[in-house]
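Working through the structure, step by step
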Amino acid sequence: MFLRSVSLSLLLGGLVSAADADLIFHNGKIVTVDSKFSIAQAIAVKGGRITALGANTDVLSKERGGQTRVVDLGGKMVLPGLIDAHVHALGAALSEYRSKLPPLGSIADIQTYVRERARVTPKGEWIVVPRTLPPRLKEMRMPTKADLDVAPDHPVAFDGSYVWSANTRALQVSGITRLTPNPPGGEVGKDEKGEPNGILRNASSLLKGVQRAESFTDKEKSEALKKMLGLYAAAGFTTIGDRAVGPADVAVFEKLHAAKELPLRTVLTWRIDANRPIDQIEREINASKWKTGQGDGWLRFGTFKVTLDGGQSVGTAYQRMPYGPFGRQLYGQTDPDARGTLFVEPDKLYQIYKAARAKGWQLTAHAQGGAAIDTLLNVFERLDKDKPIRGERHHVMHGSFMSEEAVQKMKRLGVGVDAQPGWVYLDVPALQRVFGLQNMKWFFPLRSFLQEGIPVAGGSDHMIGHDKDNAVNPFNPFLNMWACVTRMTTEGKVFNAEQRITREDALRMYTMGAAWVHFTEKDNGSLELGKYGDLVVIDRDLLTVPVDEIKQVQPLMTVVDGRVVYEKR
Ligand SMILES: [Zn+2]
């Protein structure tokens, strides 16, 4: 491409309309993230693709034309457009569509929120505290009935994902008493006297009349999604991986795509409901028109997903060891031997995967706890015996509680990982109290992954809220890169320093690493000739700023397909 444009411009002298770039950035520090991690001064984009990259004078003299928008970077840094391999865009979009979410960092904050809602909510109507994860509360414990009894005239529920809490009124209106049987796989928490303490583990279905989800029109959904994608672009992303879609979500994306209103590229992960008979699941897989790679540069299908276990933030991730006594406080557990929940038996997972693989799907599973990771890798191993899986880019989603053996098995099988370094920062303080530091040695072992040549995609698992630094989970890529580089926790302590990685490697996770998961490294993940004109201009030098400033890096401009989709004003 480069040579062609050179010869063309030589041929046409100074009037090179055919080679005129749409956009040139020059006088900058352009971090290409190519195999040599080369740095260029200037870059040109035409027709959505990179046509030149190199020294200022070369790029300007060969690519500049009358219509070219020329941007003098004034020494600023350019990165390849960033990729968040793991978000839940539509859910996050709608979570703050109608009203702003309150910051809930402690039980006192929750009580304030409930009191405020009680003032404007008619007596007897439900108040639901927006989803909050107990390990991220200052008190590091589940709120109980007593904590939520600050609005006695209202049934109040705290949404902790798999685990909910309810106040006295909520238990009453739902008819939950000491005699209520546990639902299958769930538990009604009890106090020392055997009375319900308000904590409902996998048992929120017992709450009667609570509105779980607001409803939205199609128009509202597409408006909200478009806004959310715009916020991702403003955070520096040019591609996202949406990690759990079904037909209704796909329709919202497709509508925006058809209207040419997608501000960035999206790779969709189809999550099926594995909690059904296998023949029904197989039928659905076989009947589906979707498969990995289907779509175009803006919207395509990526991975096939099964949710294998619960969450580490709520004590349901399926672990190799029990949650122990601290699990009672943090997650309201009653069984000190509880190890979490495996949602899908290995044989069934194998059968589901076999059907999906036959249809050409790349495979993944949500697996946070160590025993879930081991289960998943055993199933991958079984598939590998049928036919080698290397090259199919199957991967562990999350993979929080690794082990040396698991890392070695991933290496042997050619399995990658979609990792959430932000959780090191946010969740280690609580989790280390649960499991002890020794058992946390292989918690997101980023350096070990890289040393073993295991592909690592960076992902936030953003699902609630619009603020990139305070959302659940924060989707600010620079905050997450900072977490990779420092492994600093919210308590200000460095956790497992030996697993820290370099800034360059952290950047690779959010570029080439994520592109590996998407099978798109020929088009994005680095700035090279012929690849997409997807890039982000940032306000400071990511590679040399003091380490604490990494999380403060701000995008100034985001370009997708050679088009400016965000510009800081
Ligand atoms: Zn997720």
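Residue indices begin from 1 for each chain and proceed along its sequence in written order. Local features in this predicted model are restricted to residues whose pLDDT is 70 or higher, and side-chain atom pairs enter the listing and the counts only when it is 80 or higher, whereas totals over whole chains, interfaces and linings include all residues. Each side-chain value is worked out from all heavy atoms of the structure, with water and hydrogens disregarded.

Description of the overall build of the chain
The following threshold applies: Put simply, DSSP H or I for four residues or longer makes a helix, DSSP E for two residues or longer makes a strand, and each gets a number counted from the N terminus. The quantity called the radius of gyration is restricted to C-alpha atoms. Its globule counterpart is 2.2 Å times the number of residues to the power 0.38. A 1.4 Å probe rolled over the protein chains alone gives each residue an accessible area, and that area as a share of the maximum for its type sets the label: buried under 20%, exposed over 50%, partly exposed in between. Throughout, a residue-residue contact means that at least one pair of heavy atoms, one from each residue, lies within 4.5 Å. Surface accessibility in these figures is a Shrake-Rupley result with a 1.4 Å probe; residues are shielded only by whichever protein chains are displayed.
When its secondary structure is counted, the chain shows 17 helices and 23 strands. Relative to the 2.2 N^0.38 estimate, which gives 25 Å for 569 residues, the radius of gyration of the chain is 25 Å and therefore close to what a compact globule would have. Projected onto the principal axes, the alpha-carbon positions of the chain cover approximately 90 × 60 × 50 Å. Counting over 569 residues, the chain shows a buried share of 58%. Excluding contacts between residues fewer than 6 apart, the proportion of contacts in the chain whose partners are at least 24 apart in sequence is 72%. As displayed, the chain has an accessible area near 22,700 Å², and 51% of this comes from carbon and sulfur atoms.

Remarks on empty space enclosed by the protein
Keep this limit in mind: Points on a 1 Å grid over protein atoms alone make up a cavity when a 1.4 Å probe fits among them but cannot get out, and a pocket when they form an open set with protein on both sides within 12 Å along at least five of seven lines; lining residues each have an atom within 4 Å of a point. Grid points are joined across faces, edges and corners, and a volume is the space filled by probe spheres set on the points.
With the rule as written, the count across this model stands at 3 cavities of 30 Å³ or more. Of the volumes computed, that of the largest cavity is approximately 60 Å³. Around the largest cavity, the lining is made up of 13 residues, and of these R265, V267, G297, R300 and T520 lie nearest the centre. Residue assignment for the lining of the largest cavity shows that the elements contributing at least two residues are strand 15 (265–271) and strand 16 (299–307). Tallying contributions element by element places strand 15 first for the lining of the largest cavity, with 3 residues.

What about the coordination of the zinc ion?
Using the following cut-off: Coordination shells were defined by N, O and S atoms within 2.8 Å of each metal, extended to 3.2 Å for Na, K and Ca; water is absent from the atom set, which can make sites look incomplete.
Coordination of the zinc ion by the protein comes from H86 (NE2), H88 (NE2) and D461 (OD), over a distance range of 2.0 to 2.1 Å. Mapped onto the sequence, the donors of the zinc ion take the spacing H-x1-H-x372-D. For H86, a relative accessible area of 0% corresponds to the buried category. Since its relative accessible area comes to 17%, H88 is described here as buried.

Describing the packing of helix 11 (residues 346–358) against helix 12 (residues 370–386)
Keep this limit in mind: Throughout, an axis means a line fitted to C-alpha atoms (over the contacting stretch in the case of helices), and angles, computed between N-to-C directions, take values from 0 to 180 degrees. Reported orientations rely on four angle classes, namely roughly parallel under 35 degrees, roughly antiparallel over 145, roughly perpendicular from 65 to 115, and oblique for the rest. Less than a right angle of anticlockwise turn of the near helix away from the far helix marks a crossing as left-handed, whereas a clockwise turn marks it as right-handed.
Put simply, helix 11 and helix 12 touch, their axes get as near as 10 Å, and they point 50 degrees apart. Between helix 11 and helix 12, the angle falls in the class oblique. Taken as a pair, helix 11 and helix 12 cross one another with a handedness that is right-handed. Contact with helix 11, carried on its side by P346, D347, L349, Y350, Y353, K354 and R357, involves T375, L376, V379, F380, R382, L383 and D386 of helix 12 and no other residues of that element.

Overview of unusual backbone geometry
Put simply, V472 and N473 share a cis peptide bond, and its omega is -5 degrees. Secondary-structure assignment places N473 in the loop between strand 20 (456–458) and helix 16 (477–486). For N27, which is not glycine, the phi dihedral falls at a positive 60 degrees. Note that N27 resides in the loop between strand 1 (23–26) and strand 2 (29–31). Despite not being glycine, F444 has its phi angle at roughly 45 degrees, a positive value. Structurally, the position occupied by F444 is in the loop between helix 14 (422–435) and helix 15 (446–451).

Considering the layout of surface pockets
Counted only if it meets this: Just so you know the grouping, Ala, Val, Leu, Ile, Met, Phe, Trp, Tyr, Cys and Pro go in nonpolar, Asp, Glu, Lys and Arg go in charged, and all remaining residues, Gly too, go in polar.
Within this model, the second largest pocket holds a volume of roughly 760 Å³. Along its surface, the second largest pocket is lined by 30 residues, and P103, L104, N470, A471 and V472 are the ones closest to its centre. Here the lining of the second largest pocket takes 3 residues from helix 14, the largest share from any one element. Taken together, the residues of the lining of the second largest pocket sort by class into 17 nonpolar, 6 polar and 7 charged.

A word on the sheet that holds strand 5 (residues 49–54)
Condition: Criterion used throughout: strands pair if DSSP finds at least two bridges between them.
One open sheet holds the 4 strands; their spatial order is 5-4-1-6, and the pairing between them is mixed. The two strands at the open ends of the sheet, each matched to only one other strand, are strand 5 and strand 6 (69–72). Put simply, the sheet's adjacent strands are angled 15 degrees from each other on average, direction ignored. Alignment of strand 4 (residues 42–46) against strand 5, held across 5 bridges, turns out to be antiparallel. When the sheet's bridge partners are listed, V45 is paired in strand 5 with I50. Helix 2 (residues 56–63) contacts strand 1, strand 4, strand 5 and strand 6 of the sheet and is inclined by roughly 135 degrees relative to strand 5.

Some remarks on the pairing of strand 16
For strand 16, the tally of buried residues reaches 9 of 9 residues, placing the bulk of the element in the interior. Of the strand pairs in this sheet, strand 15 and strand 16 are connected by 5 bridges, and their pairing is parallel. Looking at strand 16, one finds that V267 is bridged to R300.

Focus: the pattern of salt bridges
Applicable threshold: Salt bridge, as applied in this entry: a Lys or Arg side-chain nitrogen positioned within 4 Å of an Asp or Glu carboxyl oxygen.
Across all of its chains, the model carries 34 salt bridges by this definition. For D153, the salt bridge identified is with K123, shortest N-O distance 3.7 Å. Here K123 lies in the loop between helix 4 (107–120) and strand 9 (127–129) and D153 lies in the loop between helix 5 (145–148) and strand 10 (156–160), a separation of 30 residues in the sequence. Note on K123: relative accessible area 64%, which makes it exposed. The salt bridge partner of E284 is R276, with a shortest N-O separation of 2.5 Å. Judged by relative accessible area, E284 falls into the partly exposed class, the value being 28%. Accessibility expressed as a relative area gives 18% for R276, which makes it buried. One network of salt bridges, with partners in common, ties together R265, D534 and D561.

Thoughts on the confidence of the model for the chain
To keep things clear, this is the line we draw: Confidence of the prediction at every residue is given by pLDDT, a number between 0 and 100.
Scored by pLDDT, the chain comes out at a mean of 94, with 97% of its residues at no less than 70. Confidence over residues 1–17 falls short of pLDDT 50; this stretch has 16 contacts with residues more than four positions distant or in other chains.

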